[in-house]
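# Results of the structural survey
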Amino acid sequence: EPEVTQTPSHQVTQMGQEVILRCVPISNHLYFYWYRQILGQKVEFLVSFYNNEISEKSEIFDDQFSVERPDGSNFTLKIRSTKLEDSAMYFCASSGTGVEQPQHFGDGTRLSIL
Amino acid sequence: SQQGEEDPQALSIQEGENATMNCSYKTSINNLQWYRQNSGRGLVHLILIRSNEREKHSGRLRVTLDTSKKSSSLLITASRAADTASYFCAMLSYNNNDMRFGAGTRLTVKP
């Protein structure tokens, strides 16, 4: 069964540095999402992306964050000038032809800011 | 916000028993979905119920939706140790494309 893949599985970065988290969504999906989950807390929506542009973003997704689909397969989340509180699991998800469809999640990238 | 509230926060049962988890939300929804998360892994979609549906079944899973009470429940029948995981409800509203998750129920099934 096709799956969403995320790399790296664990990223350790110094505070203030930039990180790029990578995702390869399921190939025929059209909607892409990023979520984060701080340890022990709920999954929080960050952003949705469709037709090469952001369709929704949460209050968490401020100017520090950006997303890009640089080619036909990758979907990236960039975090500029990382802070300690950015430490979390970051999950990528994709869904098929409509936002009403189930989302398929990757196994996440654990981001640790030192 | 249509973020959900789930109860209980944690549930511990014996193998073979049924597990019921509840989710409440605040605003109108397009659909409500249930996901499962094993420790350290991504979320796995279990079942989706649309706002005009009242009940859905999938194997040992039964989901109900009461839009008048803005609540949903997930029932797992004849539980197994492998069902041990966190279970989240997630709401998709009519007004936007973001899906908001509840805080989850941590289910432990003892063999």
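Our subject is the structure that appears above.
Presented here is an overview of the structure given in this document. Treat the numbers as computed from the prediction; the structure is a model and nothing was measured. (Residues numbered from 1 in each chain as written. Chains lettered and ligands numbered in written order. Predicted model: local features only at pLDDT ≥ 70, side-chain atom pairs only at ≥ 80, totals over all residues. Heavy atoms only, no water.)

## Overview of the environment of Leu114(A)
Residues and elements named next belong to chain A.
- Here Leu114 lies in the segment after strand S11 (109–113).
- Residues Leu114 and Gly98, 16 residues apart in the sequence, show an inter-C-alpha distance of 39 Å.
- Leave out the neighbours within four places in its chain, and Leu114 touches Val12, Thr13, Gln14, Met15 and Leu84. (Helix = DSSP H or I, 4+ residues; strand = E, 2+ residues; numbered from the N terminus. Contact = heavy atoms within 4.5 Å.)

## Structural notes on the pairing of strand S11 (residues 105–110) of chain B
Residues and elements named next belong to chain B.
- What you see with S11 is a clean split: Thr105, Leu107 and Val109 sit on the buried side and Arg106, Thr108 and Lys110 on the side with no burial.
- Pairing of strand S2 (residues 10–14) with S11, which is carried by five bridges, proceeds in the parallel orientation. Among the inter-strand pairings, Ala10 is bridged to a residue of S11, identified as Arg106.
- With three bridges joining them, strand S9 (residues 85–93) and S11 adopt antiparallel strand pairing. Residue pairing for S11: Ala85 is matched across the bridge by Leu107. (Buried < 20%, exposed > 50% of the residue type's maximum accessible area, 1.4 Å probe, protein only. Pairing = 2+ DSSP bridges.)

## Considerations on the interface of chain A and chain B
- On the chain B side, the residues contacting the 20 residues of chain A number 26 residues.
- A buried area of about 1800 Å², summed over both sides, lies between chain A and chain B, and 53% of it is on carbon and sulfur atoms.
- Here chain A and chain B share two salt bridges between them.
- One salt bridge connects Arg41(B) with Asp107(A), and the closest N-O pair in it is separated by 2.9 Å. (Buried area = accessible area lost by both parts, 1.4 Å probe. Salt bridge = Lys/Arg side-chain N within 4 Å of Asp/Glu carboxyl O.)

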